[in-house]
Amino acid sequence: MEASSTDGKLVEASSGKTNFKVRDGFSTRLGVLLATLGSAVGLGNIWKFPYLTGTGGGAVFIIIYMISVLLIGIPVLVSEHAIGRSARANAIDSMRKVSPNKVPWWLIGALGFLAAFFIMAFYTEVAGWVLAYVFKAFSASILSTDSNVTTEAFNSLVTNPGLSVAWQVIDLLIVGGILMFGVSKGIERVTKRLIPLLAILLVVVAIRSLTLPGASAGLEFLFKPDFSKITASTLLAGVGLAFFKLSIGMGTMITYGSYFRSDQNIPTTAVRVALADMSIALLAGIAIFPAVFAYGFQPNAGPSLVFLTIPSVFASMPAGNIFMVIFFILTFIASIGAQVSLLEVPISLVNEKFNLSRKLSTALASFTLILVGSLAALSNSLLANVKIFGLTFFDLFDFTTSNIFLPLGGFFICIFVGWVWGKKNFFAALTNNGELHNEKFVSVLFFLIRFVSPVLVLLVLLNGLGVFGK
Ligand code: PHE
């Protein structure tokens with residue numbers, strides 16, 4: 001797959017093997033910004049951020065996450081875009097192209113392939129729950145402020161092996177179908193337009209949640225840090241979330257960078273994407289936590305948190321059913337952008353490396369995912385007692401991808417860019433060969449990527465894995 005670009009003109013993948021062509025509408029700078037945001041915004045904002053904030057002790061976790069986005073997330077995002085745009089190829093070939101011969105930096109891309117697969121294994125399950133909730137919202141019975149009722153509704157879904165697998169398969173059929181028929185461009189366009197709608201709905205839900213009696217405890221939880229709650233695992237989870245949220249450390253953003261226009265301002269794009277993405281996550285937090293405290297839910301419920309609390313907020317709103325249907329539909333649509341970008345990693349690899357047709361590659365990747373994914377889907381039922389390192393398959397995939405694979409991939413990106421690719425290439429890529437006059441900002445970014453981000457990632461990773469003792 002080769003993409004070419006002429007200044008000011010369109011960036012286009014020429015072989016037609018990929019769906020991520022940047023053409024027509026997407027050749028605009030805003031289009032690129034929105035496409036990148038489409039991969040970043042997803043279940044990470046609505047599902048993962050709230051549940052990790054709940055288990056990580058609230059405000060202090062949010063602070064760790066925000067610092068991670070600034071000191072690690074943005075520099076790595078910028079680096080991945082720069083590598084992709086300089087090489088104009090898929091993640092593995094991009095790394096091959098920009099690195100010196102013989103040193104296997106392309107292994108970062110290979111690590112990303114595995115990460116993408118494992119993320120999809122649990123992500124498709126959560127997306128399946130979201131789909132199921134679109135339909136559950138129609139039955140008034142789930143709209144309750146009683147935590148027993150919403151917990152029971154969630155449990156009846158996840159402990160049912162048939163239903164869990166079925167919703168996951170439906171999700172995979174939708175995403176696989178989008179990729180197989182190459183209509184992702186149209187879908188992405190729709191996705192991008194709906195992200196603002198999701199943000200607006202989140203504001204509505206947040207206002208409702210904030211005006212519930214007893215909401216202030218939730219605000220305190222979100223904004224008043226208790227620094228005694230910092231532990232090795234919350235640090236690791238915060239850094240891991242920054243990676244997961246920005247889709248970095250695994251090659252997705254290298255691929256996206258390869259479709260950037262030559263005159264795209266990479267640093268500004270990255271900062272905007274990071275801030276917009278973080279704001280949507282915070283909004284989800286404000287929509288959820290006041291209700292958690294107002295209705296006596298447990299903030300540390302884990303992956304089920306959103307599914308337990310959101311129905312209770314809608315229960316206390318006029319036309320709650322309708323709003324809840326819209327909320328879960330928008331969440332599902334937001335998840336599609338992320339899923340398409342995830343699944344594209346294994347598909348493009350099988351497609352290019354093994355020379356299989358795009359349709360066959362998609363079918364193969366989706367089918368393998370049904371097998372691997374069902375391990376996650378059955379984690380609350382048939383396989384609830386099968387544990388590896390004390391974690392169910394679902395938790396194992398969820399934990400290891402964010403907390404090990406992505407930080408590890410990000411660490412190697414930092415080392416590569418800061419110490420191998422070097423200042424000259426970095427500056428040329430990020431100043432658009434001197435056109436942008438953003439040298440000061442690029443210097444700061446280079447300092448971070450060379451000295452700060454890799455050290456932080458490594459320390460947090462080793463500490464989180466217990467290398468320095470508990
Ligand atoms: N960033 C996406 C989300 O928050 C998840 C994702 C991770 C997508 C890694 C692509 C790559 O939902």
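Before any of the text, the structure's been laid out above.
A brief look at the structure comes next. Predicted model only: the values in this text are computed from it and were never measured.

How each quantity is defined
Residues numbered from 1 in each chain as written. Predicted model: local features only at pLDDT ≥ 70, side-chain atom pairs only at ≥ 80, totals over all residues. Heavy atoms only, no water. Axes fitted to C-alpha atoms, helices over the stretch in contact; angles between N-to-C directions. Helix = DSSP H or I, 4+ residues; strand = E, 2+ residues; numbered from the N terminus. Parallel < 35°, antiparallel > 145°, perpendicular 65-115°, else oblique. Left-handed = near helix turned anticlockwise from the far one by under 90°. Contact = heavy atoms within 4.5 Å. Nonpolar A, V, L, I, M, F, W, Y, C, P; charged D, E, K, R; others polar. Buried < 20%, exposed > 50% of the residue type's maximum accessible area, 1.4 Å probe, protein only. Salt bridge = Lys/Arg side-chain N within 4 Å of Asp/Glu carboxyl O. Near = heavy atom within 4 Å. Polar contact = N/O pair within 3.5 Å; in protein donor to acceptor, adjacent residues only side chain to side chain. Areas by Shrake-Rupley, 256 points an atom, 1.4 Å probe, with all protein chains shown as cover. Core = buried A, V, L, I, M, F, W, Y, C linked by side-chain atoms within 4.5 Å. Expected span 1.5 Å × (residues − 1).

The subject of this paragraph is the packing of helix α5 (residues 107–136) against helix α15 (residues 358–377). For the pair α5 and α15, interaxial distance at closest approach is 8 Å and the crossing angle is 65°. Put simply, α5 runs roughly perpendicular to α15. Here the hand of the crossing between α5 and α15 comes out right-handed. Between α5 and α15, the residues in contact are Phe117, Met120, Ala121, Phe122 and Glu125 and Ala365, Thr368, Leu369, Val372, Gly373, Ala376 and Ala377, respectively. Taken together, the residues that form the contact of α5 with α15 break down as 9 nonpolar, 2 polar and 1 charged.

Summarising the element assignment, Asn432 is placed in the loop between α16 (393–430) and α17 (439–464). A relative accessible area of 6% places Asn432 in the buried class. With near-sequence residues (within four places) excluded, Asn432 lies in contact with Arg85, Ser262, Asp263, Gln264 and Asn265.

The next point concerns the pattern of salt bridges. What the rule picks out here adds up to 6 salt bridges. Two residues, Asp93 and Arg96, come together in a salt bridge whose shortest N-O distance is 3.5 Å. Here Asp93 pairs with Arg96, and both are found in helix α4 (residues 91–98), just 3 residues apart, close to one helical turn. Ionic pairing is found between Lys245 and Asp277, a salt bridge with its closest N-O pair at 3.3 Å. Here the residue Lys245 occupies a position in helix α10 (residues 232–245), and Asp277 occupies one in helix α12 (residues 266–294), the gap between them amounting to 32 residues.

Residues in contact with the ligand amount to 14 residues; listed here are only the nearest, Ala40, Gly44, Tyr123, Phe244 and Lys245. Ser39 has a polar backbone atom sitting 3.3 Å from a nitrogen atom of the ligand. Take Gly44: an N or O atom from its main chain is 2.9 Å from an oxygen atom of the ligand. Its free accessible area being 330 Å², the ligand has 100% of it covered by the protein chains. Considering every element that reaches the shell around the ligand, the biggest residue donor is helix α14 (residues 320–353), with 3 residues. Partitioning the shell around the ligand into residue classes produces 7 nonpolar, 6 polar and 1 charged.

It is worth spelling out the nonpolar core at this point. Counting residues in each nonpolar core, the largest one holds 148 residues, and the members touching the most others are Tyr133, Phe307, Phe328 and Phe426. No other element matches α5, which puts 17 residues into this core. With sequence-adjacent residues up to four places away left out, Phe307 is seen in contact with Trp47, Val126, Trp129, Val130, Tyr133, Phe154 and Phe328.

Moving on to α10. A rise of 1.5 Å per residue sets the reference length of α10, with its 14 residues, at 20 Å; its end C-alpha atoms lie 20 Å apart and thus fit the reference within 8%. Counted residue by residue, α10 has 11 buried out of 14 residues, so it is predominantly covered. Just beyond α10, the residue with positive phi is Ser247, at close to 55°.

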